[in-house]
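# Observations on the model geometry
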Amino acid sequence: MIKEHILQIKNLRKHFPVKNVWGTDIALVKALDGVNLNIEVGKTFGIVGESGCGKTTLMRTLLRLVEPTSGSVELSEEITGNEFTSNKLEELTSEELRRFRRQIGVVFQDPMGALNPRMIIKDIVSEPLIIHGKTDNMHVRVLESLNNVGLGEEHLYRYPHEFSGGQRQRIVIARALALEPKILVLDEPTSALDVSVQAQILNLLNDLQVKFNLTYVFISHDLSVIEYMCDRLVVMYLGKVVEEADTEELFSNPQHPYTKALLSATPNFGKSTKRIMILGDVPSPITYLDESKARLATEITEQERLEIDAIKDKDIDYIVRSSLNKVHPLIEVSEKHYARVKS
Amino acid sequence: MLEIKDLKTNFNTYDGVVKALDGVNLKIKDGEIFGLVGETGSGKSVTCYSVLRLLPKTGEIVGGSIVLNGEDITNASEKRLREIRGGEVGIIFQDPLSALNPVMTVNEQIGEILVLHQDKEIKELASEKGIPTSKSKKWKASPGIEFTIIALCISFVSLFVMLGQYSFGLPFLFVIIMMFLRDYFQRNNLASALDLMVIYALSRVKLPNPAQIANSYPHELSGGMQQRVMIAMALAGKAKMLIADEPTTALDVTIQAQILQLIKDIQKEENMSVLLITHDLGVVAETCERVAVMYKGKIVEENTVNNIFKNPQHPYTKALLDAIPKGGKERLKVPDVGEYGSI
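None of these values were measured; they are calculated from a predicted model.

Moving on: the interface of chain A and chain B. Size of an interface, as often reported, equals the accessible area lost when the parts are brought together. Contact with chain A, which involves 38 residues of that partner, is made by 35 residues of chain B. Here chain A packs against chain B, burying approximately 3400 Å² in sum over the two surfaces, 58% of which is carbon and sulfur. Counting across the chain A and chain B interface gives zero salt bridges. Among the elements of the structure, α8 (195-212), α9 (223-229), α11 (257-265), β10 (276-279) and α13 (302-311) of chain A are those that each provide at least two residues to the side of chain A that touches chain B. Among the elements that make up the side of chain A that touches chain B, the one with the highest residue count is α8 of chain A (eight residues). Each residue belonging to the side of chain A that touches chain B can be placed in one class, and the counts come to 19 nonpolar, nine polar and ten charged.

Right, let's talk about the pattern of salt bridges for a bit. Residue and element names in this part refer to chain B. Within this structure, the stated rule accounts for 24 salt bridges over all chains. Between Glu-83 and Arg-80 there is a salt bridge, with the nearest N and O atoms lying 3.0 Å from each other. You can see Glu-83 and its partner Arg-80 sitting in helix α2 (residues 78-84), three residues apart, about one turn around the helix. Within the structure, one salt-bridge network assembled from shared partners comprises Glu-71, Arg-80, Glu-83 and Glu-88.

Within the fold, Arg-275 of chain A resides in the loop between α11 and β10. Among the residues examined, Arg-275 of chain A registers a relative accessible area of 21% and is labelled partly exposed. With 243 residues separating them in the primary sequence, Arg-275 of chain A and Leu-32 of chain A have C-alpha atoms 29 Å apart. The contacts of Arg-275 of chain A, once residues within four sequence positions are left out, are Ser-264, Ala-265, Ile-316 and Asp-317 of chain A together with Ala-257 and Glu-286 of chain B.

Glancing now at the sheet that holds strand β5 (residues 104-107) of chain A. Residue and element names in this part refer to chain A. In space, the eight strands of this open sheet follow the order β5-β6-β7-β3-β8-β9-β14-β13, with mixed pairing throughout. Only two strands of the sheet have a single neighbouring strand rather than two, namely β5 and β13 (331-334). Along the sheet, successive strands turn relative to each other by an average axial angle of 20°, direction set aside. As paired elements, strand β8 (residues 232-237) and strand β9 (residues 240-246) share six bridges and run antiparallel to each other. Paired with Leu-233 across the two strands is Ala-245, which belongs to β9. Sheet contacts for α8: β3 (44-48), β6 (183-187) and β7 (215-220); angle to β7, the most-contacted strand, approximately 155°.

Residues and elements named next belong to chain B. At Asn-209, a residue that is not glycine, the phi angle is positive and equals roughly 55°. Mapped onto the elements of the fold, Asn-209 is located in the loop between α8 (193-204) and α9 (210-214). Positive phi, normally seen in glycine, also occurs at Asn-271, with a value near 50°. Relative to the helices and strands, Asn-271 resides in the loop between α11 (253-270) and β8 (273-278).

Judged by nonpolar contacts, the single largest core of 60 residues is most densely connected at Ile-173, Phe-218 and Met-229 of chain A. With seven residues, α8 of chain A is the largest single contributor of residues to this core. Discounting chain neighbours no more than four positions away, the residues touching Phe-218 of chain A are Thr-44, Phe-45, Gly-46, Ile-47, Leu-186, Pro-189, Leu-202, Leu-205, Val-225, Ile-226, Met-229 and Cys-230 of chain A. In terms of nonpolar packing, the next biggest core, distinct from the first, is built from 57 residues, Met-225, Ala-234, Ile-259 and Leu-276 of chain B among them.

Residues and elements named next belong to chain B. In this structure the tally under the stated criterion is six aromatic pairs over all chains. Pairing Phe-156 with Phe-172 gives two aromatic rings, centres 4.7 Å apart and planes at 20°, and the pair type is stacked. A residue pair is termed long-range when its members are at least 10 positions apart, and Phe-156 in helix α6 (residues 143-163) and Phe-172 in helix α7 (residues 166-188) qualify at 16 residues. The partly exposed category is assigned to Phe-156, whose relative accessible area is 32%. Relative to Phe-172, the ring of Phe-160 has its centre 6.2 Å away and its plane inclined at 20°; by these criteria the two rings are stacked. Taken together, the residues span a long stretch of sequence, with Phe-160 in helix α6 and Phe-172 in helix α7 at a distance of twelve residues. The class for Phe-160 is buried, based on a relative accessible area of 17%.

Further remarks concern the packing of helix α5 (residues 121-131) of chain A against helix α6 (residues 138-148) of chain A. Helix-helix packing is characterised by the crossing angle of the two axes and by the distance between the axes. Residue and element names in this part refer to chain A. Running from N to C, α5 and α6 point in directions that differ by 115°, and their axes come no closer than 10 Å. With respect to α6, the element α5 is oriented roughly perpendicular. α5 and α6 meet at a crossing whose hand is right-handed. Together, Ile-121, Lys-122, Val-125, Ser-126, Leu-129 and Ile-130 of α5 and Met-138, His-139, Arg-141, Val-142, Ser-145 and Leu-146 of α6 make up the contact between the two elements.

Let us now look at helix α3 (residues 94-102) of chain A. Residue and element names in this part refer to chain A. Turning to α3, its buried residues are Glu-96, Leu-97 and Phe-100. Within α3, the buried residues cover an arc of 105° as seen down the axis, which keeps them to one side. On its buried face, α3 is in contact with α1 (55-62), β4 (70-75), α2 (77-80) and β5.

Thresholds, definitions, all that
Residues numbered from 1 in each chain as written. Chains lettered and ligands numbered in written order. Predicted model: local features only at pLDDT ≥ 70, side-chain atom pairs only at ≥ 80, totals over all residues. Heavy atoms only, no water. Contact = heavy atoms within 4.5 Å. Buried area = accessible area lost by both parts, 1.4 Å probe. Salt bridge = Lys/Arg side-chain N within 4 Å of Asp/Glu carboxyl O. Helix = DSSP H or I, 4+ residues; strand = E, 2+ residues; numbered from the N terminus. Nonpolar A, V, L, I, M, F, W, Y, C, P; charged D, E, K, R; others polar. Buried < 20%, exposed > 50% of the residue type's maximum accessible area, 1.4 Å probe, protein only. Pairing = 2+ DSSP bridges. Axes fitted to C-alpha atoms, helices over the stretch in contact; angles between N-to-C directions. Core = buried A, V, L, I, M, F, W, Y, C linked by side-chain atoms within 4.5 Å. Phe/Tyr/Trp six-rings, centres within 6.5 Å; stacked < 30°, edge-to-face > 60°. Parallel < 35°, antiparallel > 145°, perpendicular 65-115°, else oblique. Left-handed = near helix turned anticlockwise from the far one by under 90°. Arc of directions from axis to C-beta.

As structure tokens, then:
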């Protein structure tokens, strides 16, 4: 096989229970509801969606920071190295889980929140090395990973607050790379940064990917960044994948109404495309166990009606949230392009 | 509408004087949406705070003039400024949840502004319809006395429970229950002129079921709804000018599109002037007619939106536009901050 899948996510579900005052479950929040993904080696895999759609839960289940309700994550040989007892993430023993986490680095959204303000950079970057027992030549390793992100020896003995936002994000990346992982999970790495700094970080990430043959899982809500970085991407809506395709295909030929609206909401300077607005508020992700309450309403709500009235005599296309509540099965629209649309 | 001439604002810090604004010139015409873009630390927000003189104690305006509607407000008295803030100039802040008071209902918060700025209108409406101006204060003492009564009642109840004479505690328990019932019914009774005006203000920002929203607390509303409440508050004082400081940064793209559309609609209906402060060039491209680019406390370029995106003149504007990924995979051009000096 030439194009190997480094991670295969199969029918992953994560349901958080909602309890009433007596402690019995009355509803479920379906953060992930049957997600299937194949992540290729050396490519960037993008995950897009609005807040509350399950992007971050997906990332956390990938790292097994939360236990999935059902489904599995299958690891390739490249990660397991034929030494693990199982290639399924949920069956790993705790020692194997530590070894697995060496292979996967994480970069979080807010760099200041991810760095301990009372530790110097040298300690921050060497901490994962100490935890995973790679203490030989530590100073050299730390310097090497700082050099990789464009920082140097003079930064070793400073505290996080002495750095700018972009430099802090570089430190977080250096720490993630210190253990030489195969996969880097990036959870909105640039959303807290200015455009000019964002450009620096994106360029850096591209360089590192080529240098170390890294696989990226890139989570973002900024479509222009996603378009620039990713080879393949999925669009998520309320815990489900609504569309999956290669980036070019998805941007040129979106199928699902939500994807279409999302793409039209990104500003394109000068080029005139027709806006599609999404009217109404994000529906509650809670699914009641009681059958009569369980179905999401597909009728137009009061708020949507008001908003339709407001824009109906203007030249704007729209879709309403309630129409997105109907769930269609995922079908293959064209080659390697899947979408939840009416067949 | 608003004319800022050579405005200079300094911040006195332990490390010396920071020139946050270094000669800002702006002219916002009647009935236009004016965008102010720049990176973090360029002085966008300080401009807005200087206009309304909401600067912290360390900040002071050292030069220049601010003319609002032909009136020089550079040295206006605190009394006059209070009339302007929320009266002639409405303001929307970035994070609606931290800008709204968490322990006051929406009704109370919007009512506060109406009492301060629309007192005459409330009285007119009340006499016209023959309804009370605000909620009746009957059966209600000052908060201090209310608290004392409840505390005394609770201590009496617990005293009699301890003594074993339960029946003596019952009257005090009755008083406590009646006070809560009174509050509940008074809160749901939206019949005064003030309440009607609050409901009108909420319906203007296309909120469904305004009576219900008026009685809810900020945390019960979604992010988009909170921002709508903020806009309703900013408009409640019959503002002729709206200052929006990063109004959509905390929101998702789809909700962002709704809020921007709402601001555009209201601006057109009321023929207001809007000063939109943002770091997102996309938002500016969607919304504004004219735009100014700020850098290091100075305005480096000012033009109509179309011209600035098609034909940027200043190297900083060019660099800023180049840094945005716009489709295609070529390496992003990183603006060299050193070229323009560090902020």
